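Residue-level structure breakdown
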Amino acid sequence: MQQTYFMIKPEIVAAGDQKVGAILAIVGAAGFRITGLQMKQLDRPLIEDFYGEHKERPFFQDLCDYIAGGPVVAIRLERENAVAALRELIGATNPAEASTGTIRDLFGASLQNNAVHASANPEDSARELGLIFG
Ligand code: CMP
C-alpha cells in the first residue's frame, strides 16, 4: 500500500455544485481509499512552501494567489501504486492535453485552473502530506 496527496482546487470547491462529489466518486471507483480529508483555507506561506519547486517560474505568484483564493479539499489517499495511479487518473497538467475521461479533461478549465493536484512522486507525496496533514 502507498499513500499519496490529492487536492481539489478552489474553483471546484467554490462552484458549490456536485463537482467535488463527482471527483471523489471517480477516485473511489479507481480503488483508492480516503484516509484523511479536510476542507481548508491554506495560508500563503504554506502555499509558497508547498509549491516551492516552482518559485522561479513566471506563474508562481499567480499560482499562489489562485490557491489562496478559497478553500481546497485536501485528501490523503491509499492504494497499491497510489502515486502513479492517481497521476494517470487526473491526466496532464494542461486540461487541453489531458486524455479523454481523466479528471482534468472532465473538470479542468485552463492550465492554471486545472481542477486538482496530485503528488508527482513518492518523495513529493511524503513532503506534501506532511505539510498538509502534519
Ligand atoms: P499542479 O499540478 O498543482 O502543479 C503546479 C500548478 O501550477 C499546476 O498544477 C497549475 O495549476 C499551475 N500552472 C500554471 N501555469 C503553469 C505552467 N505553465 N506549467 C505548469 N503548471 C502551471
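Residues numbered from 1 in each chain as written. Predicted model: local features only at pLDDT ≥ 70, side-chain atom pairs only at ≥ 80, totals over all residues. Heavy atoms only, no water.

1. With respect to the packing of aromatic side chains
Per the counting criterion, the structure on display carries three aromatic pairs. Their ring planes at 70° and their centres at 5.6 Å tell us that Y5 and F50 sit as a pair that is edge-to-face. Taken together, the residues span a long stretch of sequence, with Y5 in strand β1 (residues 2–8) and F50 in helix α3 (residues 44–50) at a distance of 45 residues. Just as Y5 is buried, F50 falls in that class too. Residues F50 and Y51 carry aromatic rings whose centres are separated by 4.9 Å and whose planes lie at 80° to one another, so their mutual orientation is edge-to-face. (Phe/Tyr/Trp six-rings, centres within 6.5 Å; stacked < 30°, edge-to-face > 60°. Helix = DSSP H or I, 4+ residues; strand = E, 2+ residues; numbered from the N terminus. Buried < 20%, exposed > 50% of the residue type's maximum accessible area, 1.4 Å probe, protein only.)

2. Let's talk about the sheet that holds strand β3 (residues 72–79)
Adjacent strands of a sheet form backbone hydrogen bonds with each other and so pair up, either parallel or antiparallel. Taking strand neighbours across the sheet as the criterion, the four strands line up as β2-β3-β1-β4 in an open arrangement whose pairing is antiparallel. The sheet terminates laterally at β2 (33–40) and β4 (116–118), the two strands that pair on one side only. With strand direction ignored, the average angle separating the axes of adjacent strands in the sheet is 20°. Two elements, β1 and β3, share seven bridges in a ladder whose sense is antiparallel. Of the residues in β3, the one forming a bridge with T4 is L77. Those strands touched by helix α7 (residues 122–133) are β1, β2, β3 and β4, and its axis lies near 60° from that of β1. (Pairing = 2+ DSSP bridges. Axes fitted to C-alpha atoms, helices over the stretch in contact; angles between N-to-C directions. Contact = heavy atoms within 4.5 Å.)

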